[in-house]
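# Examination of the molecular architecture
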Amino acid sequence: MSTMRTLLAGFGGQGILFAGKVMAYSALKEGKELSWLPSYGPEMRGGTCNCSIVISDKAIGSPQVTAPDVLVAMNRPSLDKFVNAVVPGGIILVDSSTVDVKVERDDVKVFYVPATKLADENGIKGLANIILVGKLFKETNFVSAEMLDAGLQKCIPAKKAAMLDTNRKALEIGMAN
Amino acid sequence: MAEKVLMKGNEALGEAALRAGCRHFFGYPITPQTELSAYLSKNMPKVGGTFLQAESEVAAINMVLGAGATGVRAMTSSSSPGISLKSEGISYLAGSDVPCVIINVQRGGPGLGSIQPSQADYWQATKATGHGDFQLLVFAPSTVQEMADYVSIAFDTAEKYRVPAMILSDGMMGQMMEPVCFPDNAEVKMVEKPWAACGHENKRPHNIVNSLFIEAQELEKIVVERYKRYETIKANEQRAESYLTEDADIVLVAYGASSRVARSAVDAAREMGIKAGLVRPITLWPFPVNALEATVATAKQYLVVEMSMGQMVEDVQLVIGRRKPVSFYGRTGGIIPTPEEVLEQIKKLAGKEA
Amino acid sequence: MAVVFEKPHALTDAPFHYCPGCTHGIVHRLVAEVLDELGVEGNAVGVASVGCSVFSYNYFNCDMVQAPHGRAQAVATGIKRAKPQDVVFTYQGDGDLAAIGTCETVHAATRGENITVIFINNAIYGMTGGQMAPTSLPGQITQTTPYGRDVAQAGYPIRMCEMLSTLDGVALAQRCTVDNVKHVNETKKAIKKAFQNQLDGKGYSIVEVVSTCPTNWGLSPADAIKWMQDNMLPYYPLGVYKDTAKSCAPTAEGGAEA
């Protein structure tokens, strides 16, 4: 992998930016170049929200991901909006518990993970975002497993240390699906 | 070397200000510079400094004038509409020769505009930040690391020449996170300020920090002296990065956020066999004439890329003149152009339209 | 030969440019005497505002900063925050403090900014040639109210001390005048208290001096004093409007608690 451009998209409150931060910190730990660019503005509560992550071996030009190698869609509007932007041969990861349609493209790899449902069933409500990061890791190995964990640790403040285990569990669920 | 951390551009500006010895920040809330004020409101008190949320942008810049007049490193930050409000105070700072640092995290305009990234304040920053004959030093970082690096450079340069400095950033640079590294033991070079109004302690005649010179001859003399300093700045302080320009047929010119996009487009063009390069001004004033001039002999044409309707392009045209064609591509209103759009322009210019 | 009269040290030797009969000269001297008596000239920083008193930076011997119109108290805030040990004062007219600078005035006051504000209220814009001020009286003829200030159209005058006295950050709000020796002495006492408050860290202190503008009022200096006594003092009663050191009931005539 020389450059991986990922677009995470969903509703505000689904943890899109946090999931992006976990990816970004993992890449930092791995010694990669990276950029993390959020959408910002009135949509930050409840509206659509997205986050561009570029991970690369060389200096990063535009941090805005307009032609993603990887799209993670956590709601229907996000899938509709970005499905055709994904480059041929790219990956689309869909939270199939919140998105009720299928991707009608045959030039991309599509994975359906009922992340929100899995989170609820496993008592880690709200961690669908991290389940999807786990799945993304399984399919792309964008960093090493060790650095993914190191990145996760960087994103969870010491006073919320209990969250680390639930997040690790979420990653595992994602990797197993 | 210290550990790399992930930070938003806005936060990096705040941390860099603290490390540059800035202990006085005066601001007023506005998107998209929010994280900068938030960072300093949290961290300034920890180092015994002043974070003051003013009643307006107007008040904030005048607090900078007062604090700066006493000789301390003072800073304010805002975004486009707020900078318009500050322009009165900025003119007084320039006219009183008070160094300071002003951050503009640009958003779309005119008017209330949008809150998305923009570069439409180039003219305001480099030509007319307020009334009267004056210039600001204008720095345009293009990475979060540069956001961090250029705060102390801005303070140092501002103090060296007694000229206010602006960091012209934008919503994209402010909101994005990238790895950033702060040097462990960076030394803060505090210069003597014998002109400062901080109490004469009965040891010297009183200092007056002032921009009023009611006699026309006196005012002219003072402005002319200031312009001599500007000439020195133009000779010594130009900064730019040249990327793949040595053999480039098409030289792109872009700064800040749009230079990131331009760089991606240059890489993509090279992959297609088009010899493209990029001159990235880091100082917008002084404009890096020398870096552009260095490309004129070999470049066949220029493409200026901005997040505006075309402002810096006029400075590029001023340098290149009629020697080579200069084209422009821009998006405005808060739209960030995509590398693909810029690549299309490069292809058109190269005669390789898709 | 014995010296019987001299300028305070805190005034420079520059001759005032003020018109004959203008009360700026008296108030400048009072401020300078107070700086001398408190021994603070060496760590004082004054802020000159836009208006007739803009050249006060040439007259006060302490360090001076000249502020944009209306912004004196924001500039003073910056100075005081940067140099808390300095004694910081502004010297402002009614247009500067109560029109274009109302926002800065109110917020410096409500922050309890530990500064001293000297406010000259002569109900007119002097430097620009006699336009209506925020404190011009109903019916007052000025260049821009040639038929007299019509309150239906131009609104009512602002009473700053009364307004500011409602704010928790204000330590002292007192209105004085300098039309006779007794009042001059009271004004000096008020100014001294306003500076002493700052030295004691008590917060925002404002002394309003109801003043004259013989030139733009079109009156002789003596008639101007009379006009002020007859017309301004009833609208702007002298008195202590707030003093955190004591109960705040406005006193009648001759406000200083003397």
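Residues numbered from 1 in each chain as written. Chains lettered and ligands numbered in written order. Predicted model: local features only at pLDDT ≥ 70, side-chain atom pairs only at ≥ 80, totals over all residues.

## Examining unusual backbone geometry
Test applied: Secondary structure counts use DSSP, requiring at least four H or I residues in a row for a helix and at least two E residues in a row for a strand, with both numbered from the N terminus.
Put simply, Thr31(B) and Pro32(B) share a cis peptide bond, and its omega is 5°. Its place among the elements puts Pro32(B) in the loop between β2 (24–27) and α2 (34–43). Between Gly109(B) and Pro110(B) the backbone carries a cis peptide bond, its omega angle lying at 5°. You can see Pro110(B) is positioned in the loop between β5 (101–106) and α5 (122–126). In this structure, Asn141(A) takes a positive phi of about 45° despite not being glycine. Within the fold, Asn141(A) resides in the loop between α4 (128–140) and α5 (145–155).

## Focus on the pairing of strand β9 (residues 239–243) of chain C
All names here are of chain C. Selection rule: Counting other C-beta atoms within 10 Å of a residue's C-beta gives its exposure: the residue is buried at 20 or more, exposed at 12 or fewer, and partly exposed in between, where C-beta atoms are placed from the backbone. A pair of strands is treated as paired once DSSP finds two or more bridges between them.
Among the five residues in β9, four count as buried, and that is most of the element. In terms of strand pairing, strand β7 (residues 170–177) meets β9 through four bridges, oriented antiparallel. The partner of Leu-172 across the bridge, within β9, is Asp-243.

## Structural notes on the domain arrangement of chain B
Residue and element names in this part refer to chain B. To keep things clear, this is the line we draw: What counts as a domain boundary in this text is fixed by an automatic or database domain assignment. For the purpose of contact definition, each residue receives a C-beta atom placed from its backbone, and two residues are in contact when these atoms lie within 7 Å. Note on residue classes: Ala, Val, Leu, Ile, Met, Phe, Trp, Tyr, Cys and Pro are nonpolar, Asp, Glu, Lys and Arg are charged, and everything else, Gly too, is polar.
Per the domain assignment, the segments making up chain B are domain 1 (5–236) and domain 2 (241–349). Taken together, the contact pairs 27 residues of domain 1 with 22 residues of domain 2. Breaking the side of domain 1 that touches domain 2 down by element, the ones donating at least two residues are α5, β6 (137–139), β7 (165–170), α7 (171–175) and α8 (216–236). Take the side of domain 1 that touches domain 2: its biggest share by element is four residues, from α5. Taken together, the residues that form the side of domain 1 that touches domain 2 break down as 15 nonpolar, nine polar and three charged.

## Quick notes on the interface of chain B and chain A
Taken together, the 20 residues of chain B in the interface contact 16 residues of chain A. Secondary structure elements with two or more residues in the side of chain B that touches chain A: α7, β8 (177–180), α9 (256–271) and α12 (339–349) of chain B. With five residues, the top contributor of residues to the side of chain B that touches chain A is α9(B). Residue composition of the side of chain B that touches chain A, grouped by class: ten nonpolar, four polar and six charged.

## Quick look at the pairing of β7(B)
All names here are of chain B. What counts is decided by this rule: Place the viewer so that the strands point away; then a crossover is right-handed whenever the path from the first strand over the helix to the second strand goes clockwise.
Burial within β7 is extensive, with six of its six residues counted as buried. Covered by surrounding structure in β7 are Ala-165, Ile-167 and Ser-169 together with Met-166, Leu-168 and Asp-170, the residues of both alternating faces. Pairing between β5 and β7: six bridges, direction parallel. Across the sheet, residue Ile-102 finds its bridge partner in β7, namely Met-166. Here β6 pairs with β7 via three bridges, running parallel. Note on β7: the bridge partner recorded for Val-138 is Met-166. With respect to chirality, the unit in which β6 leads through helix α6 (residues 144–161) into the neighbouring parallel β7 is right-handed.

## So, the sheet that holds β2(B)
Residues and elements named next belong to chain B. Spelled out, the test is: Note on definitions: angles span 0 to 180 degrees between N-to-C directions of axes, and those axes are lines fitted to C-alpha atoms, for helices only across the stretch in contact.
Overall, mixed pairing links the seven strands, which are arranged β3-β2-β4-β5-β7-β6-β13 in an open sheet. Each edge of the sheet is formed by a strand with only one pairing partner; in this case those strands are β3 (50–53) and β13 (283–285). With strand direction ignored, the average angle separating the axes of adjacent strands in the sheet is 20°. By the bridge criterion, four bridges tie β2 to β3 in an arrangement that is parallel. By the bridge assignment, Phe-25 is partnered in β3 with Phe-51. Each of β2, β3 and β4 (74–78) is contacted by helix α3 (residues 57–69), which is oriented at about 165° to β4, the strand it contacts most.

## A word on the interface of chain B and chain C
Contacts between chain B and chain C engage 35 residues on the former and 28 residues on the latter. Those elements that place two or more of their residues in the side of chain B that touches chain C are β2, β3, α3, α4 (80–95) and β9 (208–209) of chain B. Tallying contributions element by element places α3(B) first for the side of chain B that touches chain C, with nine residues. Looking at the side of chain B that touches chain C, its residues break down into 18 nonpolar, 14 polar and three charged. Where β9(B) lies against strand β2 (residues 63–66) of chain C, two bridges are found, and the strand directions are parallel. When the bridges of β2(C) are listed, Ile208(B) appears paired with Met64(C).

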